[in-house]
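# Residue-level structure breakdown
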Amino acid sequence: MERPAKKKKRPQRYWEGDVSKPESERAEEPPASKKTHQDVAHVEKKPTPGGKGRASQLPASSLRKADPFPGAAVVPRKRVEKFQRGTKPEGKASNQQLRRHLALQEEKAEAAAKQAARMDLLLLEDPGFLEGEEGEDTCTIRQADIADAVDLASAAKHFELRLDQFGPYRASYTRNGRHLLLGGRRGHVAALDWHTKALMCEINVMETVTDLAWLHTETMFAVAQRQWLYVYDNQGVELNCLKRFHRVQRMEFLPYHFLLATASETGFLQYLDISVGKEVATICTKGGRLGVMAQNPSNAIVHLGHSNGTVTLWSPNIKEPLVRMLCHRGAVRGVAVDGSGTYMATSGLDRKLHVYDLRAYRRLHSLLLPMGAGHLDFSQRGLLGAACQEVVQVYKDISICPPSKPYICHALPRPAHGLRFCPFEDVLGVGHEEGFASLLVPGAGQPNFDALESNPFRSRKQRQEWEVKALLEKGRLVVEAARGDGCEALAEEAAGGELEKYQAAAGLGGRGPAIAENGCSALGPLPDLSKCMTSRQKLEAQLTENNIVKEELDLLDSFSTRLPTSFGWAGCWK
């Protein structure tokens with residue numbers, strides 16, 4: 001006997017009622033399509049049997065769970081203090097608008113510090129220093145032992161280049177620490193990506209090389225040769241020969257101003273604007289041969305060491321030194337300024353190493369070395385490297401207290417000729433008479449980098465975009481400086497033309513009396529022109545004034561596009 005086929009149950013839709021109700025009860029309910037908006041809002045839909053109904057069938061209260069941690073996450077105060085800049089000013093300003101402006105600036109600074117403290121969790125790299133065992137001095141640890149103790153990637157950063165034919169060598173790193181530039185005294189110049197050991201170019205200029213430096217990117221570098229200054233690209237092709245820069249001894253590139261500062265054998269300090277290829281300032285320092293040079297990274301002030309024991313500070317818009325400090329009883333051999341621009345280290349023929357506080361221009365402490373330091377350099381985290389003939393010493397916390405012993409010590413085969421810390425790496429590059437040595441110095445570089453500022457792993461497209469942004473920022477500073485203090489003559493001419501327009505509008509026809517400096521004429525004080533003019537004449541005068549202002553602004557815009565070379569840098573050197 002065949003079983004009767006079971007009637008399939010029609011699936012329930014979410015807009016339909018409960019199918020478990022009989023037909024009579026469901027018929028009494030109004031259809032869903034005829035329900036008003038208010039009725040639908042108050043209907044509580046029941047979940048389907050078995051708990052497999054849609055989320056829309058559940059009441060809204062069951063979907064919303066209370067947040068156990070309401071509000072923003074609390075940031076520890078100590079972590080916020082790490083990113084704060086100074087303290088809040090005491091007292092109140094007399095002007096209400098100024099008070100509101102200062103309060104807004106304080107709120108922005110506090111919000112920026114908190115945001116930076118929150119993002120600090122994403123910085124995975126932590127700084128660290130070399131620590132010896134109990135009773136062991138870190139200065140006795142050799143470079144081979146450090147290379148064996150670190151990982152393979154860090155150990156590959158310790159190497160030596162034997163170049164005994166064209167030495168002694170000087171070295172220069174790019175701002176992101178990716179590329180290395182080497183220059184030998186006998187004309188050998190080489191550029192390479194020292195991370196991958198890929199050679200970019202290698203040339204021999206067949207002339208004495210006194211110094212060399214990377215420019216704003218790794219595509220160009222400058223070489224100071226025996227007579228003149230040359231600019232090459234990363235393929236070794238000569239781009240320019242600057243014959244106005246004669247017998248250059250030392251160079252420093254100012255990255256935010258696109259200026260190349262050079263110190264010559266004849267005692268001249270010159271500035272080259274590489275964005276337009278023009279010389280913007282030439283200063284006679286009257287200090288003899290300039291063989292010691294450094295820059296302050298925080299304000300781009302150039303420090304020069306002289307043979308009479310003094311150190312002078314220079315800016316391109318002032319022909320006299322900003323500060324003159326007597327640092328040594330003999331000639332100055334080395335000068336270095338830390339990244340914050342707070343401390344300066346100097347060494348001289350008196351075999352002393354002095355540390356100065358640039359905020360008060362006073363000496364903090366001194367250190368007597370067995371052999372005078374010929375080259376000095378600060379790392380990003382405040383370590384000081386000193387090259388004393390064949391011995392390279394690195395000092396830790398030298399700005400806090402005078403160290404009793406060096407942090408790291410290394411012996412070279414021949415005397416050192418150049419000393420540079422690599423940015424964002426625990427590496428110290430030393431050029432000597434037989435080549436180049438890359439030393440491992442734990443704790444020297446910043447462990448994390450800002451990809452928008454200096455990215456060691458940027459692509460070609462990123463480098464091009466960064467270069468355009470940097471040029472636009474530099475152009476904005478130049479325009480502001482030119483409008484601020486470079487157009488006094490233009491303003492005087494515009495004021496004179498405006499007075500003639502007002503006299504013509506008043507019906508004087510330019511035949512008014514001559515005006516003296518006190519605003520009076522030979523016939524007495526001038527009458528108020530606004531009282532002598534009708535409403536039409538006032539309107540014409542106002543239109544004339546507007547046209548004059550428009551012409552002046554157009555003149556300033558055309559003036560700023562030419563990038564003035566004789567003035568306009570005061571707004572950039574604060």
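These notes cover the structure that comes with them. The structure displayed is predicted, hence computed values, not measured ones.

### Looking at the overall build of the protein
Across its full length, the protein holds 11 helices and 30 strands. Taking all 574 residues of the protein together, the buried fraction comes to 41%. The contacts of the protein with a sequence gap of at least 6 include a subset with a gap of at least 24, amounting to 46%. Of the roughly 34,200 Å² of accessible surface on the protein, a fraction of 52% belongs to carbon and sulfur atoms.

### Some points on the pairing of strand β17 (residues 323-326)
Of the two faces of β17, only the one carrying Val323 and Met325 is buried; Arg324 and Leu326 on the other face are not. Examined bridge by bridge, strand β16 (residues 310-314) and β17 share four bridges and lie antiparallel to one another. Bridge pairing links Thr310 to Leu326 in β17.

### Considerations on the pairing of strand β22 (residues 375-378)
With burial as the criterion, each face of β22 is covered, one bearing His375 and Asp377 and the other bearing Leu376 and Phe378. Looking at chain direction, β22 and strand β23 (residues 384-388) are connected through four bridges and run antiparallel. Within β23, the position partnered with His375 by the bridge is Ala387. Turn length for the β22-β23 hairpin, with the two strands adjacent in sequence and antiparallel, is five residues, and the turn residue Gly382 shows positive phi of about 90 degrees.

### Re the packing of aromatic side chains
Scanning all chains against the criterion turns up nine aromatic pairs. Ring geometry for Phe129 versus Tyr407: centroids 6.1 Å apart, planes at 85 degrees, classification edge-to-face. Here Tyr407 lies in the loop between β24 (391-395) and β25 (408-411) and Phe129 lies in the loop between α5 (96-119) and α6 (143-149), a separation of 278 residues in the sequence. The class of Phe129 is partly exposed, set by a relative accessible area of 29%.

### Things to note about the sheet that holds β22
Read from one edge to the other, the open sheet built from four strands follows the order β22-β23-β24-β25, with strand pairing classed as antiparallel. Each of the sheet's edge strands pairs with one partner strand only, and the pair in question is β22 and β25. This sheet shows a mean twist of 15 degrees between the axes of neighbouring strands, independent of strand direction. Relative to β24, β23 runs antiparallel, the two being bridged by five bridges. Bridging from a neighbouring strand, Ala386 pairs with Gln393 of β24.

### Some remarks on unusual backbone geometry
Note the cis peptide between Gly167 and Pro168, where omega equals 0 degrees. Of note, Pro168 is situated in the loop between β1 (159-162) and β2 (169-173). With a phi angle near 60 degrees, Lys286 is a residue other than glycine that sits in the positive phi range. Mapped onto the elements, Lys286 comes out in the loop between β13 (278-284) and β14 (292-295). Located in the positive-phi region is Ala300, a residue other than glycine, with phi close to 60 degrees. Locating Ala300 in the fold gives a position in the loop between β14 and β15 (302-305).

### Notes on the nonpolar core
Formed by 32 residues in total, the largest nonpolar core has its most connected members in Leu180, Trp194, Val394, Leu428, Val430 and Val441. Elements supplying a minimum of two residues to this core: α6, β2, β3 (179-184), β24, β26 (416-421), β27 (427-432) and β28 (435-440). With four residues, β28 is the single largest residue contributor to this core. Dropping the residues within four chain positions of it, Val394 is found in contact with Leu383, Leu384, Gly385, Pro406, Tyr407, Ile408, Phe421, Leu428 and Val441. Within the second largest apolar cluster, 17 residues are counted, among which are Ala213, Leu229, Leu272 and Trp466.

### Notes on the environment of Arg333
Considering the arrangement of structural elements, one finds Arg333 in strand β18 (residues 332-337). Residue Arg333 is classed as partly exposed on the basis of its relative accessible area, which comes to 28%. Sequence separation of Arg333 and His375 is 42 residues, and the distance between their C-alpha atoms is 7.0 Å. Beyond its immediate chain neighbours, meaning those up to four positions away, Arg333 contacts Val292, Ser347, Gly348, Leu349, Gly372, Ala373, Gly374 and Gln389. One polar contact links the side chain of Arg333 to the main-chain carbonyl oxygen of Gly372, over a distance of 3.3 Å.

### Digging into empty space enclosed by the protein
Counted under the stated rule, the structure contains two cavities of 30 Å³ or more. Looking at the largest cavity, its volume works out to about 80 Å³. As for the largest cavity, its lining consists of Thr174, Arg175, Asn176, Leu215, His216, Thr217, Glu218, Glu453, Ser454, Arg458 and Trp466. Classifying every residue of the lining of the largest cavity by side-chain character gives two nonpolar, five polar and four charged.

### Some thoughts on the sheet that holds β13
Overall, antiparallel pairing links the four strands, which are arranged β10-β11-β12-β13 in an open sheet. Only two strands of the sheet have a single partner each, and these edge strands are β10 (248-254) and β13. With strand direction ignored, the average angle separating the axes of adjacent strands in the sheet is 20 degrees. With six bridges connecting them, strand β12 (residues 268-273) and β13 associate as antiparallel partners. For Leu269, the partnering residue across the bridge sits in β13 and is Ile283.

### With respect to the pattern of salt bridges
Inspection of every chain in the model, using the stated rule, returns 20 salt bridges. Taking the shortest distance from any N to any O, the salt bridge between Glu453 and Arg175 comes out at 2.8 Å. With Glu453 in the loop between β28 and α8 (460-485) and Arg175 in the loop between β2 and β3, the pair connects residues that are 278 residues apart, well separated along the chain. For Asp193, the salt bridge goes to Arg178, with nearest N and O atoms at 2.9 Å. Remark: Arg178 occurs in the loop between β2 and β3 and Asp193 occurs in strand β4 (residues 188-193); sequence separation between them is 15 residues. Exposure class is identical for Asp193 and Arg178. Each is buried. One network of salt bridges, with partners in common, ties together Glu160, Arg162, Arg414, Glu433 and Glu434.

What counts, and at which threshold
Residues numbered from 1 in each chain as written. Predicted model: local features only at pLDDT ≥ 70, side-chain atom pairs only at ≥ 80, totals over all residues. Heavy atoms only, no water. Helix = DSSP H or I, 4+ residues; strand = E, 2+ residues; numbered from the N terminus. Buried < 20%, exposed > 50% of the residue type's maximum accessible area, 1.4 Å probe, protein only. Contact = heavy atoms within 4.5 Å. Areas by Shrake-Rupley, 256 points an atom, 1.4 Å probe, with all protein chains shown as cover. Pairing = 2+ DSSP bridges. Phe/Tyr/Trp six-rings, centres within 6.5 Å; stacked < 30°, edge-to-face > 60°. Axes fitted to C-alpha atoms, helices over the stretch in contact; angles between N-to-C directions. Core = buried A, V, L, I, M, F, W, Y, C linked by side-chain atoms within 4.5 Å. Polar contact = N/O pair within 3.5 Å; in protein donor to acceptor, adjacent residues only side chain to side chain. 1 Å grid on protein atoms, 1.4 Å probe; cavity = no way out; pocket = protein on both sides within 12 Å on 5 of 7 lines; lining within 4 Å. Points joined across faces, edges and corners; volume = space filled by probe spheres on them. Nonpolar A, V, L, I, M, F, W, Y, C, P; charged D, E, K, R; others polar. Salt bridge = Lys/Arg side-chain N within 4 Å of Asp/Glu carboxyl O.

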